[in-house]
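Chain by chain, the residues run as shown.
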Amino acid sequence: MRLFSRIAIRLAATLIVLMSLWAVLFYFAMADQIHDEVDDALEDYTTLIITRKLAGRELPNAGDGSNNTFTITPVSADYARRHSHYRYHDESVYIPEKREYEPARVITTIFNDAEGQYYELKVSTPSFEKADLFSAVLLWIVALYVLLLLITVGITMLIFYRNMRPLYILLEWLDSYHPGVNPKPINNPTRITEFKRLNVALQSAIDRSEQMLERQTQFIGNASHELQTPLAIIGNRVEWLLDESKLTDEQAMELYKINKTLSRAVRLNKTLLLLTKIENSQFIETSQVDLVAIVSETVESLSEIYISRQIKFTTDLPSKFEVQMNESLASTLVTNLIKNVYVHSEQGVEARAAIVGRKLIVENQGREMLDREHIFERFYQGSQRETSMGLGLALVAAICRHYNINIEYSFVNGSHRFEIDFAE
Amino acid sequence: MKILIIEDDSSLREIMSRALRQEKFTVETASTFAEADSKLAGYNYDCILLDIMLPDGNGLQLLEHIRALGKRENVIIVSARNAIEDRVQGLDLGADDYLPKPFHTAELVARVRSVLRRGRSGGELKIEIGNVSLSPSSRQVKVEGQELSLLKKEFDILLYFMQRPAHMIDKTMLAESVWGDYVDDTDNFQFVYAQIKNLRRKLADAKASIEISSVYGFGYKLIEKSA
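Residues numbered from 1 in each chain as written. Chains lettered and ligands numbered in written order. Predicted model: local features only at pLDDT ≥ 70, side-chain atom pairs only at ≥ 80, totals over all residues. Heavy atoms only, no water.

## Quick look at the overall build of chain A
Then comes step 1: Secondary structure summary: chain A contains 8 helices and 11 strands in total.
Then comes step 2: Among the 424 residues that make up chain A, the fraction classed as buried is 38%.
Then comes step 3: For chain A, the proportion of contacts with a sequence separation of at least 24, taken over those separated by at least 6, is 69%.
Then comes step 4: Of the roughly 25100 Å² of accessible surface on chain A, 56% is carried by carbon and sulfur atoms. (Helix = DSSP H or I, 4+ residues; strand = E, 2+ residues; numbered from the N terminus. Buried < 20%, exposed > 50% of the residue type's maximum accessible area, 1.4 Å probe, protein only. Contact = heavy atoms within 4.5 Å. Areas by Shrake-Rupley, 256 points an atom, 1.4 Å probe, with all protein chains shown as cover.)

## A short note on the pattern of salt bridges
Residue and element names in this part refer to chain A.
Then comes step 1: Applying the stated criterion to the full structure yields 27 salt bridges over all chains.
Then comes step 2: Across the salt bridge formed by Asp78 and Arg82, the nearest N and O atoms sit 3.6 Å from each other. Taken together, the residues Asp78 and Arg82, both in helix α2 (residues 77-82) and 4 residues apart, mark about one turn of the helix.
Then comes step 3: Residues participating in the shared-partner salt-bridge network are Asp316, Arg352, Lys359, Glu363, Arg417 and Glu419. (Salt bridge = Lys/Arg side-chain N within 4 Å of Asp/Glu carboxyl O.)

## Examining the side chain of Asp243 of chain A
Then comes step 1: With respect to the element layout, Asp243 of chain A can be found in helix α4 (residues 193-244).
Then comes step 2: There is no salt bridge for the buried Asp243 of chain A, and the closest opposite charge comes from Lys221 of chain B, which lies 4.7 Å off by N-O distance.
Then comes step 3: Only 2.2 Å separates the side chain of Asp243 of chain A from the side chain of His167 of chain B, close enough to count as a polar contact.
Then comes step 4: A distance of 2.8 Å separates the side chain of Asp243 of chain A from the backbone nitrogen of Met168 of chain B, its partner in a polar contact. (Lys, Arg positive; Asp, Glu negative; His and termini not counted. Polar contact = N/O pair within 3.5 Å; in protein donor to acceptor, adjacent residues only side chain to side chain.)

## As for unusual backbone geometry
Then comes step 1: That bond from Lys101 of chain B to Pro102 of chain B is cis: its omega, -10°, falls within 30 degrees of zero.
Then comes step 2: Note on placement: Pro102 of chain B falls in the loop between β7 (97-100) and α5 (105-121).
Then comes step 3: Even without glycine at this site, Gln310 of chain A takes up a positive phi of about 50°.
Then comes step 4: With respect to the helices and strands, the residue Gln310 of chain A is situated in the loop between α6 (291-305) and β6 (312-316).
Then comes step 5: Among the residues examined, Gln310 of chain A registers a relative accessible area of 51% and is labelled exposed.

## Considering the sheet that holds strand β6 (residues 74-79) of chain B
All names here are of chain B.
Then comes step 1: Spatial strand order, β2-β1-β3-β6-β7: 5 strands in an open sheet with parallel pairing. Among the strands making up the open sheet, the edge pair consists of β2 (26-30) and β7. Going across the sheet, the axis of each strand differs from the next one's by a mean of 20°, ignoring polarity.
Then comes step 2: Of the pairings in the sheet, the one linking strand β1 (residues 2-6) to strand β3 (residues 47-51) comprises 4 bridges and is parallel in character. Counted as the bridge partner of Ile6 is Leu50 from β3.
Then comes step 3: Against the sheet, helix α2 (residues 33-42) makes contact with β1, β2 and β3, and its axis sits at roughly 135° relative to β2, the strand it touches most. (Pairing = 2+ DSSP bridges. Axes fitted to C-alpha atoms, helices over the stretch in contact; angles between N-to-C directions.)

## Describing the nonpolar core
Then comes step 1: In this structure, Ile420 and Phe422 of chain A together with Leu174 of chain B are the most contacted members of the largest nonpolar core, which totals 94 residues.
Then comes step 2: In terms of residue count, the dominant contributor to this core is helix α7 (residues 327-344) of chain A (9 residues).
Then comes step 3: Those residues in contact with Leu174 of chain B, other than ones at most four positions away along the chain, are Ile157, Tyr160, Phe161, Ile169, Trp179, Val192, Ile196 and Tyr220 of chain B.
Then comes step 4: With 22 residues, the next largest nonpolar core counts Ile15, Val109, Val112 and Leu116 of chain B among its residues. (Core = buried A, V, L, I, M, F, W, Y, C linked by side-chain atoms within 4.5 Å.)

## Examining a negative patch on the surface
Residue and element names in this part refer to chain A.
Then comes step 1: Side chains of Asp32, Asp36, Glu37, Asp40 and Asp44 sit close together on the surface and give a patch of like negative charge.
Then comes step 2: Along the chain, Asp36 turns up in helix α1 (residues 3-55).
Then comes step 3: For Asp36, a relative accessible area of 45% corresponds to the partly exposed category. (Patch = residues over 30% accessible without salt bridge, like charges linked within 9 Å, V, L, I, M, F, W, Y side chains within 5 Å. Charge placed at Lys NZ, Arg CZ, Asp CG, Glu CD.)

## Here we look at the pairing of β1 of chain B
Residues and elements named next belong to chain B.
Then comes step 1: With respect to burial, β1 is a largely interior element, 4 of its 5 residues being buried.
Then comes step 2: Looking at chain direction, β1 and β2 are connected through 5 bridges and run parallel. Considered in β2, the bridge of Lys2 is made with Thr26.
Then comes step 3: Assessed by its sense of winding, the connection that carries the chain from β1 through helix α1 (residues 10-22) to β2 is right-handed. (Right-handed = clockwise from strand over helix to strand, strands pointing away.)

## Description of the sheet that holds strand β10 (residues 140-143) of chain B
Residues and elements named next belong to chain B.
Then comes step 1: Pairing within the open sheet is antiparallel, and its 4 strands lie in the order β8-β9-β10-β11. Edge positions in the open sheet fall to β8 (127-129) and β11 (146-148), since each of these has one partner strand only. The mean angle between the axes of side-by-side strands here comes to 25°, regardless of whether they run parallel or antiparallel.
Then comes step 2: Taken together, the 4 bridges between strand β9 (residues 132-135) and β10 define a ladder with antiparallel strand orientation. Looking at β10, one finds that Val132 is bridged to Val143.
Then comes step 3: Packing of helix α6 (residues 152-162) onto the sheet brings it into contact with β8, β9 and β10, and relative to β9 it is tilted by some 110°.

## Overview of the confidence of the model for chain A
Do not read the predicted coordinates in detail wherever pLDDT is low.
Then comes step 1: On average, residues of chain A carry a pLDDT of 84, and 96% of them reach 70 or more.
Then comes step 2: Here strand β2 (residues 87-95) of chain A is the element of chain A with the lowest mean pLDDT, 80, and strand β8 (residues 350-356) of chain A is the one with the highest, 92. (pLDDT = per-residue confidence, 0-100.)

## Here we look at the packing of α7 of chain A against helix α8 (residues 392-403) of chain A
Residue and element names in this part refer to chain A.
Then comes step 1: Between α7 and α8, the shortest axis-to-axis distance is 9 Å and the interhelical angle comes to 140°. The interaxial crossing formed by α7 with α8 has left-handed handedness. Of the residues in α8, those touching α7 at Leu329, Thr332, Leu333, Asn336, Leu337 and Asn340 are Gly392, Leu393, Leu395, Val396, Ile399, Cys400, His402 and Tyr403.
Then comes step 2: Here the contact of α7 with α8 is built from residues that sort into 9 nonpolar, 5 polar and no charged. (Left-handed = near helix turned anticlockwise from the far one by under 90°. Nonpolar A, V, L, I, M, F, W, Y, C, P; charged D, E, K, R; others polar.)

Written out as structure tokens, the structure reads:
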């Protein structure tokens, strides 16, 4: 959810609560005010009637258009004592002129004439329809709400995007950032302190992580490099023993095994150096490389070496497919991808390498999908195989990253499938 | 044949000189840039093995210096840095070969032999052992003057053995150098056995005086048959 959508929703929700509260208060205040006015008018009218009655003058006519009605009832002194005050209440009154019941405000009071006779005077005047008032208030409140919301959201949006622009510039910059690929410095001039600090913090965080990455790469590079000489020495001493001494078969076999293990260490070391070099972008020279030639040669060699695995490898290649790459990296890429098939698949499965359009596809039958998240990581071992180092696909991925080539793994119809897209 | 080894690691220096002395070369060593420089000023060598990274200087500078002195020594650069730029720069400066660490002793000896042979014969690299002669450039093998036809891999294997006669070569080493990078995850060497079997049969059929004998069950050695 975008920050602004969230702000808009929150604003709308807050406004709806506030406006509802406001509507309730407004309604009651309004009703109260109206009652007040009506009550005053009723009181005046009552005084008028009483005055006229006591003076013996003509009482106001019922049909004078004011819709007011009144009744004068003689009451006992006792009743009068108990109901001596003005009493107000609401009730439905039949208005003969309109021939319908209407809500009315009623005042009841007591007065006495010169003879000491008590009367109860009941005056009613048509009041307002509460439901009408309520719906009127509701309508206007809703209208106000919509208007306010539009204005508020509009203004907020304007202010938000004006002031948040540095944030979006930063986000864009972050999107364009790839670890290890020399980032350009953040160019995001702003007068807002928070964004200034964010700029500085982000720049220094990225610088630090770049430094760490570089140091790590350098460390692996240096460590592998420093290992070369000792590895050479051990290997040469073992070879010397094998070559020059009279050994029993067991001793010789033991030395051979040491040597085999050592070659694994040497290979591992070389691969790490190669990875480091790719990541340091030390393969600058590129040329037009024909992948078809590399694929067919690789398949031919590997099918010879892994003849015991009886893998049915078919190829589906055009006559030529050239890409602009470093030749040795192109070869490493293809070799590792295809060797992966031979090393990791089960005996006798079918496999295929194809070039379709600008895509190189390598697939082989397998049992289950590999962990898509991790297969391109260093030292990931899907099926544990002693002689495998788990660096082949890491190399492939590093080369693809280096050239911005898209590589995808999928598991389709019981086959592992690697697709490399050399899109131009 | 006099060889100068310029290498700062004492253990590696010892191994290299031992291996070369065994091949009847005269070996001298230098462990620093300065020592190498003074030896080069005073003596002539047939071949110089040069480590690029020296404690007190860069081997490439030494190479420039050697060429500036107008010396015609064969130079093989030995380096732990497998960087292509180093290799290209080294060869540009007139090195004859480039041997990346770690290397097999047999490889070292073969490279030294190869540059010395090239130096002597002006580019022709023919190797002769017993009644077999092999020419790497034209990829021809002759037994008693009769051409022996070999498949590509068979030829590569024979070349590898003829460059390292009388040394034990184990099957991993052989597979790695003949089949290259493809081979590094394999633990089944059926493909090597098959090729060796064919090569042995062809050599025997042609009545070659050399044969590839098995050693310890995992290695091979090229030997001259005693008549």
